[in-house]
Amino acid sequence: MKRILLVNGPNLNMLGIREPDKYGKLTLSGIVEKCTSIAKRYGYEVVDFQSNSEGEIVNFIQIEGLKSSGMVINAGAYTHTSVAIRDSILAVGIPFVEVHLSNVFSREPFRHRSYLSDIAIGVISGFKENSYYLGLIALLAYLGEEVNI
Ligand code: DQA
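Residues numbered from 1 in each chain as written. Predicted model: local features only at pLDDT ≥ 70, side-chain atom pairs only at ≥ 80, totals over all residues. Heavy atoms only, no water.

### Description of the sheet that holds strand β1 (residues 2-8)
The five strands are arranged β2-β1-β3-β4-β5 in an open sheet whose pairing can be described as parallel. Since the sheet does not close on itself, it has two edges, and those belong to β2 (44-50) and β5 (122-125), each with one partner. Taken pair by pair, the neighbouring strands of this sheet meet at an average axis angle of 20°, ignoring direction. Here three bridges tie strand β3 (residues 70-74) to strand β4 (residues 96-100), and the two strands are oriented parallel to one another. Paired with Val72 across the bridge in β4 is Val97. Sitting on the sheet, helix α2 (residues 28-41) is in contact with β1 and β2, with an inclination near 160° to β2. (Pairing = 2+ DSSP bridges. Helix = DSSP H or I, 4+ residues; strand = E, 2+ residues; numbered from the N terminus. Axes fitted to C-alpha atoms, helices over the stretch in contact; angles between N-to-C directions. Contact = heavy atoms within 4.5 Å.)

### Focus: the packing of aromatic side chains
Considering all chains together, one arrives at one aromatic pair under this definition. Pairing Phe49 with Phe60 gives two aromatic rings, centres 4.4 Å apart and planes at 5°, and the pair type is stacked. Of this pair, Phe49 sits in strand β2 while Phe60 sits in helix α3 (residues 54-65), and the two are 11 residues apart along the sequence. Just above the ring of Tyr133 sits the side chain of Lys34; from NZ or CZ to the centre is 5.0 Å. (Phe/Tyr/Trp six-rings, centres within 6.5 Å; stacked < 30°, edge-to-face > 60°. Lys NZ or Arg CZ within 6 Å of the ring centre and 35° of its normal.)

### Brief notes about helix α5 (residues 130-142)
Under the 1.5 Å per step criterion, the end-to-end length of α5 is 18 Å for 13 residues, consistent within 8% with the ideal 18 Å. All buried positions along α5 are accounted for by Ser131, Tyr132, Tyr133, Gly135, Leu136, Ile137, Leu139 and Leu140. A positive backbone phi angle near 100° is found at Gly144, which sits one or two residues after α5. (Expected span 1.5 Å × (residues − 1). Buried < 20%, exposed > 50% of the residue type's maximum accessible area, 1.4 Å probe, protein only.)

### Looking at the nonpolar core
Considering soluble globular proteins, one finds that nonpolar side chains tend to be buried as a cluster. Tyr132, Leu136 and Leu140 are the most contacted members of the largest nonpolar core, which totals 26 residues. In this view, Tyr132 contacts Leu6, Asn8, Leu12, Ile31, Cys35, Val72, Asn74, Val99 and Leu101; residues no more than four positions away in its chain are not counted. Core analysis: the second largest hydrophobic core is formed by 18 residues, Val47, Met71, Ile73 and Val92 among them. (Core = buried A, V, L, I, M, F, W, Y, C linked by side-chain atoms within 4.5 Å.)

### Some words on the site of the ligand
Residues in contact with the ligand, as listed here, are Arg18, Tyr23, Asn74, Gly76, Ala77, His80, His100, Leu101, Ser102, Val104 and Arg111. A distance of 2.8 Å is found between an oxygen atom of the ligand and a side-chain nitrogen or oxygen belonging to Asn74. A distance of 3.2 Å separates an oxygen atom of the ligand from a polar backbone atom of Ala77. For the ligand, whose free accessible area comes to 320 Å², the fraction covered by protein is 98%. (Near = heavy atom within 4 Å. Polar contact = N/O pair within 3.5 Å; in protein donor to acceptor, adjacent residues only side chain to side chain. Areas by Shrake-Rupley, 256 points an atom, 1.4 Å probe, with all protein chains shown as cover.)

### Some thoughts on the pairing of β3
With five of its five residues buried, β3 lies for the most part within the structure. Neither face of β3 is open: one carries Gly70, Val72 and Asn74, the other Met71 and Ile73, and all of them are buried. For the crossover from β3 across helix α4 (residues 83-92) to β4, the handedness is right-handed. (Right-handed = clockwise from strand over helix to strand, strands pointing away.)

### Thoughts on the packing of α3 against α4
In contact at an axis separation of 9 Å, α3 and α4 are set at 5° when each is read in the N-to-C sense. Between α3 and α4, the angle is such that the two are roughly parallel. Between α3, through Glu54, Ile57, Val58, Ile61, Gln62 and Gly65, and α4, the contact on the second element is made entirely by Ala84, Ile85, Ser88, Ile89 and Val92. Taken together, the residues of the contact of α3 with α4 break down into seven nonpolar, three polar and one charged. (Parallel < 35°, antiparallel > 145°, perpendicular 65-115°, else oblique. Nonpolar A, V, L, I, M, F, W, Y, C, P; charged D, E, K, R; others polar.)

Rendered as structure tokens:
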């Protein structure tokens, strides 16, 4: 089956417990489950990965990126700091959508900067867990699937 990567960075394993007003009440496994069922309708398998460590995310993108059609990524705080994650995505040349649960532009200025946005297909920020589903649908459309909106 064709594959879509779903990558989550630091602290996203704490979803459901962590600042629910900003990040929603759903757990990461709930989000992964729904993404898996959306992708399946279009014949894609979701390969998901979460890590609190930058190097592990780089390793995952390097290894899995070459075998996959696209990626949805919430790099968490690494969004605002990581040249290494940016470079790993460029190295494998995988099309991707950057997603955030919160609206990063309504928050502290250091969250307004992203090392990923300019090389992403697009960015979805502020819709809690729906950011992931919207991002996935947008990626599927980008990959040529006829999506139902
Ligand atoms: C986040 C926004 C980031 O600024 C923050 O560091 C996160 C989560 C979001 O999904 O809203 O960990 O990526």
